[in-house]
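Structural features, examined
If you want the building blocks of each chain, they are given just below.
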Amino acid sequence: MMDEHKHDAHGDHGTATHGHGGGHGHGPTTFLGKYIFSTDHKIIGIQFLFSTLLWFIVGGILALCVRWQLAWPWSEMPIVGKALFGSSGRVISPEFYTMLFTMHASIMIFFVIIPILAGAFGNFCIPLMIGAPDMAFPKLNMMSYWFMWPAFIFMGSSFFVEGGAAAAGWTAYPPLAAVHSAAPGSLHGQTLWLAGLLFVGLSSLMGSINYITTIIKLRAPGMKMFRMPMTIWAMLITALLQAFALPVLTGALLMQLIERIFGANFFIPEGLMVNNQMAGVGGGQPLLWQHLFWFYSHPAVYIMILPAMGIVSDVIATFSRKPLFGYRPMVYSVAGIAGLGFIVWGHHMFQSGMNPALGATFMVSTMLIALPSAVKTFNWISTLWGGNVRFTAALLNAVAFVSMFIIGGLSGIFMAATPVDIHIHDTYFIVAHIHYVLFTGSMFAVFAGIYYWFPKMFGKFMDERLGKIHFVLTFIFANTTFFTMHIIGVAGHPRRIADPTYYPMLMDLMPLNRMITYSAICLGFSQIIFFFNFVKSLFFGQRAPRNPWNSNTLEWEAPSPPGHGNFEVTPTVYRGPYEYASPEVPEDFLPQTRNLAAEREKATVHA
Amino acid sequence: MSHAAAVHETKVEPNEGPPITPGKLAMWLFLATEIMFFTGLIGSYVVLRIGSKKWVTPYTVEVRKTNGDKVEGESRDDSKDPLVLTSQIEGEPEIRVPRAEIAKAADGSFEIEHRDPLNIPLTAANTFFLICSSVTMVMALAAIQRGDRAGLHKFLWATILIGALFVSIQVYEYRKLIHEGFVPAASIFASCFYVMTGCHGAHVSGGVIYLTGIQIAAYRGKFSKTENTTVELAGLYWHFVDLVWIILFTVVYLI
Amino acid sequence: MSDMPQAGTTGSDDWLVLTAEARTKAAEFLKADQQGCDVVRIKFDEHGKIGLVLDRRAPDDRIFAQGSVTVVVSGASADAVKGLKVDFKPDQGGFSLEGTFPGQDPKVGLAAFEKEKGAVAAPAAAPAAHAGEHDAHAGPDHTKEYLQVFGALIVLTAIELAVAYVIQNKAVMILGLVVLALVKAALVGLFFMHLKYEHASWVPTSRIKWKYIILVPPVILACVLVFLLMPDVGNTGMYGVLFGEPSTVNQSPAGGVDVIREGEGGGEHKGGAEHKEEHK
């Protein structure tokens with residue numbers, strides 16, 4: 001069916017002889033040039049994907065260690081306990097616990113979610129979906145991947161230095177993070193953490209400038225801004241967020257690094273004593289770090305969700321066989337979320353002793369974000385409504401994203417209200433919120449994206465049945481894990497404590513705590529199905545045609561997988577990306593490149 | 001004519017987007033990110049300074065008796081003027097007094113010599129040099145846009161050398177300051193001073209390397225009247241670094 | 001994928017030949033292009049003159065893969081370019097087309113494409129034919145303006161030094177210095193960074209200039225960041241000095257000589273003058 005359409009759509013090429021077209025056939029031939037030091041955006045995207053999936057495993061194991069400690073404090077840990085704590089009686093230490101949750105968050109945020117969404121999907125999809133042969137600056141693109149490696153090495157090696165890895169929380173609040181003697185993790189681990197993050201930042205910065213330039217300058221003929229798929233819109237706006245917010249964090253990281261290495265005083269208050277020693281001459285303000293950090297890290301929350309929203313929009317429209325409901329409002333709401341995202345960072349600091357007037361300002365701006373988010377949610381639901389829905393693994397994950405994002409978004413509104421936040425701040429409620437947004441939100445979108453684009457990336461299908469089993473298990477266990485956290489959070493369970501049994505008031509919550517841990521372990525083991533499916537499909541997957549999902553967007557016009565230079569012929573775009581079930585054609589999809597006018601003209605001539 | 005075949009025109013309108021090269025767009029985006037980077041640093045300095053109850057300025061003075069002997073730990077309590085100079089750590093001869101106090105203190109029995117570790121005259125000269133390098137850079141671009149390759153070489157060399165001179169003077173200043181105990185740990189001002197001027201100095205050094213690369217490419221025959229985008233982009237970067245210094249000189253040294 | 005009709009080279013390899021120089025040169029032009037062009041098109045105009053222009057690929061194009069640059073010709077004209085050789089000779093004014101094609105003189109062709117919009121073959125000696133979009137390149141010589149701006153910057157720096165040393169009123173001094181610094185920064189941006197000379201819009205139909213679209217957001221964000229930090233991080237000390245609220249007496253840090261003054265933030269080096277005036 002597909003082949004027939006192809007032939008029609010490009011019928012006017014019929015007389016052209018076959019051979020090397022466009023930029024094809026000029027790719028490097030050695031293994032090193034092709035897969036390691038590649039400047040091809042698709043290979044770089046896949047490099048990001050593989051690296052981040054490996055770190056996903058590391059971050060997941062750290063999370064399971066955290067959960068083990070919370071359910072059965074100070075008991076011997078199975079499997080990993082022997083390797084990690086062989087010398088200390090196979091039992092975790094309190095300092096090690098703080099390191100675990102710090103590194104779990106740091107790895108998951110900076111090495112998994114951000115690079116998998118912006119790095120892997122951004123790199124792979126942007127040139128393909130706008131009809132460009134590659135990124136605007138392929139070498140810069142290669143650099144942006146290779147700048148991740150110093151970060152990987154710094155963070156990875158920090159586990160093995162004296163005092164262990166960073167243990168001041170992923171937010172690295174000074175003075176705990178800034179003063180060497182404040183905690184074991186602040187000895188060397190924190191320095192490595194800062195250096196690692198600096199490299200992640202440089203990598204993201206290079207990537208974002210490249211993305212923006214590519215999307216603005218390299219679109220195929222006819223690809224107007226408002227004919228771009230939502231994924232591309234999301235990537236463009238995400239890149240803008242990164243470009244404007246990240247440099248501030250880079251500055252702050254440099255400041256804390258100088259503070260740690262040369263004893264500067266930006267964040268050390270006057271007269272601070274740590275372990276009976278003056279921490280420095282002081283004069284700085286710890287709150288300054290929090291402001292600078294959240295000026296980036298709140299937009300970073302949107303960097304972690306906007307591309308996911310874009311992916312989900314494309315997946316839902318494709319598998320509902322319906323145009324995306326309210327395309328322009330969707331674009332405007334992404335832009336609105338991003339714009340508002342710059343002026344809400346203070347809602348992370350309501351309990352920090354911040355000026356109450358600022359707290360009220362940030363509360364109002366935070367509440368406003370609910371509006372564009374609601375627009376998006378309603379539009380996804382309206383897209384599904386009445387559609388000829390095909391329940392593929394990709395769609396199931398995308399729909400899960402929508403429903404879980406609603407829960408995560410609503411719990412966010414609780415905390416946006418300053419009076420409510422007094423009670424639930426720093427409890428498991430916030431842990432539940434972030435995991436609803438980032439795990440059941442972004443990760444479901446990542447799974448959806450992988451199932452959706454896997455045929456394009458590797459030319460093979462992922463196993464649908466395994467994909468659905470993985471989805472069902474992940475959905476159940478993610479909810480039992482993270483929803484329960486809301487309950488113990490409201491009941492007063494603080495986050496970041498190593499031993500809940502120490503507090504009599506939390507003893508009643510221990511059964512729930514253990515249930516979370518059981519669910520988390522099941523959740524972790526469910527991911528084995530995904531990795532098995534991924535590797536199996538990579539080698540033995542069923543071969544995928546050019547456009548397996550009958551989708552409209554440009555990437556499906558290229559071969560699966562696309563060669564060097566992507567397209568045989570630079571595609572010309574005639575319409576928007578969501579013309580499903582169009583009355584103009586008998587098929588239920590109408591690709592962006594199909595030239596109906598020329599087809600009709602030809603039909604008239606033949607008649 | 002038989003071969004005057006109708007040229008195929010696609011019905012596709014041109015896409016939106018600025019009529020500048022991808023390189024130029026990327027350079028401006030990079031400069032936009034640099035605006036945010038220096039905002040982070042300079043903004044922090046400004047709010048820290050405004051928010052400090054006490055601001056230890058870098059202006060140090062030596063207090064001497066009129067007979068020329070150096071005074072250590074001397075205090076002066078004037079009923080009209082609540083200026084109090086308390087003792088420092090043993091062995092440190094410098095006494096920190098705000099610049100504006102010098103005149104008032106000098107009319108007493110003390111002669112106070114103003115010693116300013118932040119050498120403003122030297123830095124003003126350095127500012128002058130950096131502005132000069134911006135002019136030579138813009139002249140280099142103008143030269144190659146006229147097709148004047150010799151002019152490009154000449155002005156690029158001038159820019160590179162002045163840039164290197166700027167960095168050298170800054171290194172000299174740093175050495176002197178560190179020797180005098182004005183290290184990042186000394187005070188909040190010192191911390192801010194080093195992070196701001198250090199990041200700027202790193203940018204100037206990067207610019208010098210970038211321009212040297214361009215000079216080498218120019219000697220290899222790159223760039224012409226029509227192809228000089230790389231020179232233009234390097235110029236944009238260089239002028240931006242100059243612009244940042246103009247702000248830094250004001251907020252760090254003068255205010 | 002054999003089901004996809006592919007555009008490819010038409011006929012044998014010598015159907016159309018690009019010399020190495022021509023290929024390099026054409027690639028450079030494509031790289032510098034600002035219109036989103038992706039190919040070099042061999043084009044016949046309405047008078048039958050042949051020329052090279054930068055263009056976007058069209059569906060019925062015949063493609064001549066030539067390494068770093070893709071050369072196309074409209075399908076209907078493919079036969080006409082058989083045996084054509086494209087060369088680049090700087091001494092002869094740019095690209096030249098050699099070969100036998102009916103009724104065509106290579107020299108005639110040269111004149112044709114120079115007039116095309118975004119012509120590839122601008123002779124090295126003549127000004128580039130940019131349609132007013134790149135004023136900085138083809139515009140008038142700004143040397144005189146540069147020197148004037150240079151003079152202004154030097155004078156403003158001298159004034160800054162004078163303001164810093166002479167004016168005793170802290171608020172006036174800061175205000176003056178900030179204004180002077182912004183003027184200097186604006187001069188550098190407008191003249192040296194060519195912002196004054198860039199008039200192009202983001203889209204031809206719009207009046208919004210691209211430079212504002214790129215520069216205004218970070219400038220606004222920069223102001224927002226500092227503005228929102230002010231009530232929180234900047235809520236003590238000199239805030240009081242500047243706005244007349246008495247702040248608390250300093251605590252002297254360990255091991256430092258300190259100037260303790262009542263009624264002001266203390267320690268600010270110009271604060272003393274203000275204080276003196278208040279006492280009078």
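Residues numbered from 1 in each chain as written. Chains lettered and ligands numbered in written order. Predicted model: local features only at pLDDT ≥ 70, side-chain atom pairs only at ≥ 80, totals over all residues. Heavy atoms only, no water.

1. Things to note about the overall build of chain B
Stated precisely, the cut-off is as follows: Counting from the N terminus, the helices are DSSP H or I runs at least four residues long and the strands are E runs at least two residues long. Here the open area of atoms and residues is found with the Shrake-Rupley method and a 1.4 Å probe, where only the protein chains shown may cover a residue.
Scanning chain B for helices and strands turns up 6 helices and 3 strands. With the model as given, the accessible surface of chain B reaches about 9400 Å², and the carbon-plus-sulfur share is 60%.

2. Things to note about the environment of Leu257(A)
Residues and elements named next belong to chain A. Let me state the cut-off plainly: When checking whether two residues touch, look at their non-hydrogen atoms; a contact exists if any pair is within 4.5 Å.
Counting through the fold element by element, leucine 257 comes out in helix 9 (residues 230-262). Distance in space between the C-alpha atoms of leucine 257 and glutamine 190 is 8.9 Å, their sequence separation being 67 residues. Once residues lying within four places of it in the same chain are set aside, the contact partners of leucine 257 are Thr191, Leu194, Ala195 and Leu198.

3. Digging into a positive patch on the surface
Our working rule: Nonpolar side chains (Val, Leu, Ile, Met, Phe, Trp, Tyr) are joined into patches within 5 Å and like charges within 9 Å, using only residues with over 30% relative accessible area and no salt bridge. Definition used for salt bridges: Asp or Glu carboxyl oxygen within 4 Å of a side-chain nitrogen of Lys or Arg. Charge assignment: positive for Lys and Arg, negative for Asp and Glu; neither His nor the chain ends contribute. Positions of charges follow a simple convention, taking NZ of Lys, CZ of Arg, CG of Asp or CD of Glu. Residue burial is assigned from relative accessible area. The probe radius is 1.4 Å, only protein chains are included, and a residue is buried under 20% of its type maximum, exposed over 50%, and partly exposed in between.
A contiguous patch of positive charge on the surface is contributed by Lys139(A), Arg220(B), Lys222(B) and Lys31(C). Relative to the helices and strands, Lys222(B) resides in the loop between helix 5 (188-219) and helix 6 (229-254). Taking relative accessible area as the criterion, Lys222(B) reaches 51% and is therefore assigned exposed.

4. Some words on the interface of chain A and chain B
As a reminder of what qualifies: For any pair of parts, buried area is found by adding up, for both, the accessible area (1.4 Å probe) each one loses once the two are put together. In protein, a polar contact requires one atom able to donate a hydrogen and another able to accept it; more generally it is a pair of N or O atoms within 3.5 Å, and residues adjacent in sequence count only if both atoms are side-chain atoms. Nonpolar residues are Ala, Val, Leu, Ile, Met, Phe, Trp, Tyr, Cys and Pro. Charged residues are Asp, Glu, Lys and Arg, and all others, Gly as well, are polar.
Each partner contributes to the interface: chain A provides 39 residues, whereas chain B provides 37 residues. When chain A packs against chain B, close to 2900 Å² is buried across both sides, 72% of that on carbon and sulfur atoms. Across the pair Glu16(B) and Arg219(A) runs a salt bridge, and its minimum N-O distance is 2.9 Å. Where chain A packs against chain B, one counts 10 residue pairs in polar contact (both at pLDDT 80 or more). Put simply, the parts of the chain that give the side of chain A that touches chain B at least two residues each are helix 8 (189-217), helix 9 and helix 10 (286-303) of chain A. Here the element with the most residues in the side of chain A that touches chain B is helix 9 of chain A; it accounts for 10 residues. Split into classes, the residues belonging to the side of chain A that touches chain B amount to 24 nonpolar, 11 polar and 4 charged.

5. Section: the nonpolar core
As a reminder, the rule being used: Nonpolar core, defined: a set of buried Ala, Val, Leu, Ile, Met, Phe, Trp, Tyr and Cys residues in which side-chain atoms within 4.5 Å join the residues together.
Residues Phe110(A), Phe111(A), Trp193(A), Phe401(A) and Phe193(B) are the most contacted members of the largest nonpolar core, which totals 293 residues. A total of 26 residues in this core trace back to one element, the largest contributor, which is helix 5 (residues 94-130) of chain A. Residue contacts for Phe111(A): discarding those within four places in its chain leaves Thr52(A), Trp55(A), Ser106(A), Met148(A), Ala151(A), Phe152(A), Met155(A) and Val200(A).

6. Considerations on the environment of Lys43(C)
Residue and element names in this part refer to chain C. With respect to the helices, strands and loops of the structure, lysine 43 is situated in strand 2 (residues 39-44). With relative accessibility at 18%, the residue lysine 43 sits in the buried group. Sequence separation between lysine 43 and valine 72 is 29 residues; the distance between their C-alpha atoms is 8.9 Å.

7. Overview of the side chain of Thr197(B)
Counting through the fold element by element, Thr197(B) comes out in helix 5. If sequence neighbours within four positions are ignored, Thr197(B) has contacts with Gln170(B), Tyr174(B), Trp245(B) and Tyr253(B).

8. Section: a nonpolar patch on the surface
Residue and element names in this part refer to chain A. Taken together, the side chains of Met367, Phe378, Ile381, Ile406, Leu410 and Ile413 define a hydrophobic patch exposed on the protein surface, amounting to about 500 Å² of accessible area. For the nonpolar patch, the secondary-structure elements that each account for two or more residues are helix 13 (356-384) and helix 14 (393-416). Given the relative accessible area of 32%, isoleucine 406 is considered partly exposed.

9. Some words on empty space enclosed by the protein
Residue and element names in this part refer to chain A. Note the threshold: Computed over the protein atoms alone on a 1 Å grid, cavities are sets of points where a 1.4 Å probe fits but cannot get out and pockets are open sets with protein on both sides within 12 Å along at least five of seven lines; a residue lines them when it has an atom within 4 Å of a point. Grid points are joined across faces, edges and corners, and a volume is the space filled by probe spheres set on the points.
Tallied over the entire structure, the rule returns 9 cavities of 30 Å³ or more. Of the volumes computed, that of the second largest cavity is approximately 110 Å³. Along the wall of the second largest cavity there are 15 residues; nearest its centre are Phe48, Ala118, Gly119, Ser203 and Ser204. Every element with two or more residues in the lining of the second largest cavity is listed here: helix 5 and helix 8. Considering each element in turn, the lining of the second largest cavity owes the most residues, 6 residues, to helix 8. Looking at the lining of the second largest cavity residue by residue, the class counts come to 7 nonpolar, 8 polar and no charged.

10. Looking at the packing of aromatic side chains
What counts is decided by this rule: Between rings of Phe, Tyr and Trp, where Trp is taken as its six-membered ring, a pair exists when centres lie within 6.5 Å; planes separated by under 30 degrees are stacked, by over 60 edge-to-face, and by other angles tilted.
If you walk through the whole model with that rule in mind, you get 76 aromatic pairs over all chains. Taking 6.0 Å as the distance between ring centres and 45° as the angle between the ring planes, the aromatic pair formed by Phe530(A) and Phe534(A) counts as tilted. In this pair, Phe530(A) and Phe534(A) are both assigned in helix 18 (residues 510-540), 4 residues apart and thus about one turn of the helix distant. With a relative accessible area of 5%, Phe534(A) lands in the buried category. Members of the aromatic cluster, each reached through a chain of ring pairs, are Tyr45(B), Phe166(B), Tyr174(B), Phe182(B), Phe189(B), Phe193(B), Tyr194(B), Trp245(B), Phe249(B) and Tyr253(B).

11. Topic: helix 13 of chain A
Our working definition: Here the expected span of a helix is defined as 1.5 Å times the quantity of residues minus one.
Under the 1.5 Å per step criterion, the end-to-end length of helix 13 of chain A is 43 Å for 29 residues, consistent within 8% with the ideal 42 Å. The opening residue of helix 13 of chain A, the one whose side-chain oxygen lies 3.0 Å from the backbone nitrogen of Ala357(A), is Asn355(A).

12. Let's talk about the environment of Thr226(B)
All names here are of chain B. When you line up the elements, threonine 226 lands in the loop between helix 5 and helix 6. Residue classification places threonine 226 among the partly exposed positions, given a relative accessible area of 29%. Sequence spacing of threonine 226 and glutamine 145 is 81 residues, and the spatial spacing of their C-alpha atoms is 6.9 Å.

13. Some words on the confidence of the model for chain B
All names here are of chain B. Quick note on the threshold: On a scale of 0 to 100, pLDDT captures the predictor's confidence in every residue.
Confidence in the prediction for chain B averages 77 pLDDT; 70% of positions are at 70 or higher. Overall, residues 1-10 carries pLDDT values under 50, and its contacts beyond four positions in sequence, including any with other chains, amount to 21 contacts. Segment residues 58-115 is flagged for pLDDT under 50; beyond a separation of four residues in sequence, or across chains, it makes 122 contacts in the model.

14. Details of the pattern of salt bridges
Inspection of the entire model under this criterion finds 15 salt bridges over all chains. Between Asp40(A) and Lys42(A) there is a salt bridge, and its shortest N-O distance comes to 3.1 Å. The residues Asp40(A) and Lys42(A) share a single accessibility class, namely buried. Residues Glu232(B) and Lys24(B) are paired through a salt bridge, measuring 3.0 Å at the closest nitrogen-oxygen approach. Of the two residues, Glu232(B) sits in helix 6 while Lys24(B) sits in helix 1 (residues 22-51), which places them 208 residues apart along the sequence.

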